[in-house]
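What the coordinates show
Below are the chains, spelled out letter by letter.
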Amino acid sequence: MNATGAMTSTPAVDRDLVAMMDAVFADYRLSHDHGPAEARVDCDRVLWQRLDELGLVRLTGSEQSGGSGASWRESTELLTAAVRHGVRLPLAEHDLLACWLLEAVGQEVDDAVRTIHLMPGPGRPPTLTPWADSADRIVTVWRGDDGYRVADVDASEITIALGRNLICEPRDTVSVEVSGRSGHMVAPELIAELQRKAALVRAIQVCAALDCAIAASVDHVMSRIQFGRPLAKFQAIQNLIADAAAEAAVARSATEAALHTALQTGWLTDHLDFQIAVARSCAGHAASVVTRNAHQVHGAIGTTREHRLHEWTRAALAWRSDYGSVHFWDRKVAAAAAEAGGAGLWPLITGTD
Amino acid sequence: MTPTLKRLVPPASSSNPAADALRGQVRAFLAEQLAAGTFTPSVDAWLCGWDETFTRSLARQGWLGMTVPERYGGHGRSFHDRFVVTEELLAAGAPVAAHWIADRQIVPSLLKYGTEEQKHEFLPRIVRGECFFGIGMSEPDSGSDLASVRTRAVRVDGGWAVTGTKVWTSGAHHAHAFIVLARTTPVDAAHRHAGLSQFIVDLAAEGVDVRPIISMNGGHHFNEVILDEVFVPDSMVFGELGQGWSQVTSELSFERSGPERFLSTFPLLTTALELAAPQDVSCDVEMGRLVARIAGLHHTSTAVADALQRDEAADVSAAVVKVLGTTVEGDIADYADLRTGDETSCGAVWTDLVSRAIDQRPGFTLRGGTNEVLRGVIARGLGLR
């Protein structure tokens, strides 16, 4: 046998942990509904407290700083469980983005609920900040004269104009006065890492939502009887679901590949930017097909507030537009291809020069 | 109740530095070959690019029959290594049709079902690039519905007499042998898949008539093979009598999940990049979507290859690769064709590639199981049927 090289395989996340995450959100959903359709979602502090007691709100924070010392793999399971049960919280923004950045620049992290705000450069339109009005503190990043700076700003010191996305999650416009603040220096590499993480979080959430929409479609067509037989027996219905499932599966492959590279390389390689753009493109386009086909097989009931399908389809559509539209990511991929040229395209795709 | 979805595709979880080194070796070899002018990159070259000289030069590199154990003259490499080499060859549009069926399908089948005699007879020659194979499954009245094959094998002294007609046999006019699916007992309506067996049939044997099926663009790779009481010795019965159906279906994942299911038109994409101004490409969202899809499928297909290496069932994940992969192959052909007209002047190389791609395109979603059949496989994997 010739050497086939060392294969490193993904360490599996502890199943008990995953079951625990699932149970917390399932319990919560039993006692809470989504409220009126137009109500802006807020961070439920009682649930947050419960998750905090279980060590889940700072899942990936270092143990020295009060975190649970877990990895993005565990965090992916947490985000996925929240998506599955349609529970909206700033878990990713708090743990994976805001608290991570504070720790990375050597700052203390306390029990406050945090989100992340990247100030647009001069002359750039304001960007929307997720969950700003729900947070206690807003980790604000801006570009000073001598490079990037970050400050952990109390939300009360910030002017917040409320906004919401398609699923009524807070997407607020914030104005932070940074002229009097010194903040802490942040290396540009950390800013690049922050942007990669933010983009990948949404790909992970979109993939989770798409799988749920497909699973709901399978359940529906197995139980709904028309023309004397379950909808699942109609080939036209099978085809719609098969196409949706195939799209979601490839989006998941692309997203997991990007996460795998990120964890193996410490989020540092240039190739990771391409892989994340690929994941966001695949997940974004998959959301079109899955949403269309899932609603088609559900019939009119799937368009109601009462039915849960929208918790996944509308969420996928909302999240695919965060931290860059689908076309923004398509152009990123195209630009990478243009730079690689014909001869460099395959090495770009495989990540091997 | 909150729904959960069973995974259709295994995790894309391995990174393999040795495979990266292998990619480098294949690329260096291809660069030399291109510089020497031994081949011109083409679309669908795994079906249309029959070049025995190129095949033998690959054999000299040790890149044919890679998974064949050394005792059968092979290289004892992993399935993953073979996957890497084939990906590189297809991405470059190299002419690999001559050995394609033997290397992809016959090798794993022989290793799994072949007798010692059959393995010693064929494997060393396949590894050396001296023995080419075809597949005899489809018939004039049996396309997607393979269980309806009518070719029959009748017991005779010392073997079997095989009679029937096979169609779409790629390369039968050059190949040495093909594996024929035939009925050895009459159809039982209650068990349609029973009573089928496989035979290794020498294409030079008496009673074999190979007739060309010319494609709509004039190309000749398909054939009709008429078998008139062709004698097949007992030693060339392939696998177990009566187990033909499960033998054929258990090997389909090798055929359906490979890189030839998403890279058939890749050379068109690279040529498009070479011809276009970079600033135009950079804002071309459709180019971005296509490249992203190919990259995503590369990960999916790699994950399936790893599952096959671990001997796991991969029929559903292979169907996912083939449905989306062959669709994007067609999308690339269309992408190119939509940008080509009498007001554009891209030269003969481009026009030829585009013509070939749009002529080959209908076949992408037909061969190796139509996408309609494969959607059924995915639906079954989801528990819908």
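The rules we used
Residues numbered from 1 in each chain as written. Chains lettered and ligands numbered in written order. Predicted model: local features only at pLDDT ≥ 70, side-chain atom pairs only at ≥ 80, totals over all residues. Helix = DSSP H or I, 4+ residues; strand = E, 2+ residues; numbered from the N terminus. Rg over C-alpha atoms; globule rule 2.2 N^0.38 Å. Buried ≥ 20, exposed ≤ 12 C-beta atoms within 10 Å, placed from the backbone. Contact = placed C-beta atoms within 7 Å. Pairing = 2+ DSSP bridges. Domains from an automatic or database assignment. Nonpolar A, V, L, I, M, F, W, Y, C, P; charged D, E, K, R; others polar. Axes fitted to C-alpha atoms, helices over the stretch in contact; angles between N-to-C directions. Parallel < 35°, antiparallel > 145°, perpendicular 65-115°, else oblique. Left-handed = near helix turned anticlockwise from the far one by under 90°. Expected span 1.5 Å × (residues − 1). Bend = angle between axes of the 7 residues up to and from the residue. Core = buried A, V, L, I, M, F, W, Y, C linked by C-beta atoms within 7 Å.

Each helix and strand in chain A was counted, giving nine helices and nine strands. For 353 residues, the compact-globule formula gives about 20 Å, and the C-alpha radius of gyration of chain A, at 21 Å, lands near that figure. Referenced to the eigenvectors of the C-alpha coordinate spread, the extents of chain A come out at roughly 70 × 55 × 45 Å. Relative to its 353 residues, chain A shows a buried fraction of 50%. Taking the intrachain contacts of chain A between residues at least 6 apart in sequence as the baseline, contacts between residues at least 24 apart amount to 66%.

Attention shifts here to the overall build of chain B. Scanning chain B from N- to C-terminus turns up 14 helices and eight strands. Relative to its length of 385 residues, chain B is compact, with a C-alpha radius of gyration of 21 Å against a globular reference of 21 Å. Put simply, chain B has 385 residues, and 53% of those count as buried. Considering only intrachain contacts with a sequence separation of at least 6, the fraction spanning at least 24 residues in chain B is 76%.

Residues and elements named next belong to chain B. Among the seven residues that make up strand β4 (residues 177–183), seven are buried, leaving the element largely enclosed by the rest of the structure. Burial of β4 is two-sided: the residues Ala177, Ile179, Leu181 and Arg183 facing one way and the residues Phe178, Val180 and Ala182 facing the other way are all buried. The pairing of strand β1 (residues 133–136) with β4 spans four bridges and is parallel. For isoleucine 135, the partnering residue across the bridge sits in β4 and is isoleucine 179. As paired elements, β4 and strand β5 (residues 196–202) share seven bridges and run antiparallel to each other.

Residues and elements named next belong to chain A. What the domain assignment lists for chain A is domain 1 (15–186) and domain 2 (189–350). Computed over C-alpha atoms only, the centres of domain 1 and domain 2 are separated by 23 Å. On the side of domain 2, 20 residues touch domain 1, which itself brings 20 residues to the contact. Mapped onto the side of domain 1 that touches domain 2, the elements with two or more residues apiece are α3 (72–84) and α4 (91–104). Residue contributions to the side of domain 1 that touches domain 2 peak at six residues, all from α3. Class assignment of the residues belonging to the side of domain 1 that touches domain 2 gives a composition of 14 nonpolar, five polar and one charged.

All names here are of chain B. Here the domain parsing of chain B yields domain 1 (17–131), domain 2 (135–242) and domain 3 (251–381). The interface is formed by 18 residues belonging to domain 1 together with 21 residues belonging to domain 3. Ranked by residues supplied to the side of domain 1 that touches domain 3, first place goes to helix α4 (residues 79–91) with seven residues. Within the side of domain 1 that touches domain 3, the residues separate by chemical class into eight nonpolar, seven polar and three charged.

Taken together, the 60 residues of chain B in the interface contact 58 residues of chain A. Looking at the side of chain B that touches chain A, the elements with two or more residues in it are α1 (17–35), α4, α9 (266–275), α10 (278–282), α11 (285–309), α12 (315–338) and α14 (371–381) of chain B. In terms of residue count, the dominant contributor to the side of chain B that touches chain A is α11 of chain B (15 residues). Per-class residue counts for the side of chain B that touches chain A are 30 nonpolar, 20 polar and ten charged.

With that settled, consider the packing of α3 of chain A against helix α5 (residues 188–223) of chain A. The axes of two packed helices give the description: the angle between them and the distance between them. All names here are of chain A. The interhelical angle for the contact between α3 and α5, taken along N-to-C directions, is 45°, at an axis separation of 9 Å. On the basis of the axis angle, α3 is oblique to α5. Between α3 and α5 the crossing geometry is right-handed. Contact with α3, carried on its side by Thr76, Leu79, Thr80, Val83 and Arg84, involves Ile204, Gln205, Ala208, Ala209 and Cys212 of α5 and no other residues of that element. Each residue belonging to the contact of α3 with α5 can be placed in one class, and the counts come to six nonpolar, three polar and one charged.

Residue and element names in this part refer to chain B. Counted at 1.5 Å a residue, the expected span for helix α13 (residues 347–364) with its 18 residues is 26 Å, and the 26 Å between its end C-alpha atoms agrees. Approximately 30° is the largest bend angle found in α13, and it occurs at isoleucine 358, with the proline proline 362 only one to four residues beyond. Listed as buried for α13 are Leu353, Val354, Arg356, Ala357, Gln360, Arg361 and Phe364. Residues of α13 that are buried sit in contact with α9 and α12.

With respect to burial, α9 of chain B is a largely interior element, eight of its ten residues being buried. Those residues of α9 of chain B that sit buried are Phe266, Pro267, Leu268, Leu269, Thr270, Thr271, Ala272 and Leu273 of chain B. Here the buried face of α9 of chain B lies against α9 (326–350) of chain A together with α4, α10, α11, α12 and α13 of chain B.

Hydrogen bonding along the main chain pairs the strands of a sheet, whether they run parallel or antiparallel. All names here are of chain A. Pairing is mixed across the open sheet formed by four strands, whose spatial order is β1-β3-β4-β7. Whereas interior strands pair on both sides, the edge strands pair on one side only; in this sheet they are β1 (114–118) and β7 (184–186). Each adjacent strand pair in this sheet contributes to an overall mean axis angle of 30°, direction not counted. With five bridges connecting them, β1 and strand β3 (residues 137–144) associate as parallel partners. Bridge pairing links isoleucine 116 to valine 139 in β3. In the packing of α4 onto the sheet, the strands contacted are β1, β3 and β4 (147–154), and the crossing angle to β1 comes to about 70°. Along the sheet, α5 makes contact with β3, β4 and β7, crossing β4 at roughly 60°.

All names here are of chain B. Among the secondary structure elements, phenylalanine 122 is positioned in helix α6 (residues 116–127). According to the C-beta neighbour criterion, phenylalanine 122 is buried, with 23 such atoms within 10 Å. Considered as a pair, phenylalanine 122 and phenylalanine 133 are eleven residues apart in the sequence and their alpha carbons are 9.9 Å apart.

Among the nonpolar cores identified, the biggest contains 232 residues, and Leu210, Ile214 and Ile241 of chain A together with Ile378 of chain B are the most heavily contacted of them. Look past the residues within four positions of leucine 210 of chain A in its chain and what remains in contact with it is Ala248, Ala251, Ala286, Ala287, Val290 and Ala316 of chain A.

What follows is about the sheet that holds strand β5 (residues 159–161) of chain A. Residues and elements named next belong to chain A. Pairing is antiparallel in the open sheet, where three strands are placed in the order β2-β6-β5. At either end of the open sheet lies a strand with only one pairing partner, and these are β2 (129–130) and β5. Pairing between β2 and strand β6 (residues 171–175): two bridges, direction antiparallel. In the strand pairing of β6, proline 130 is matched with arginine 171.

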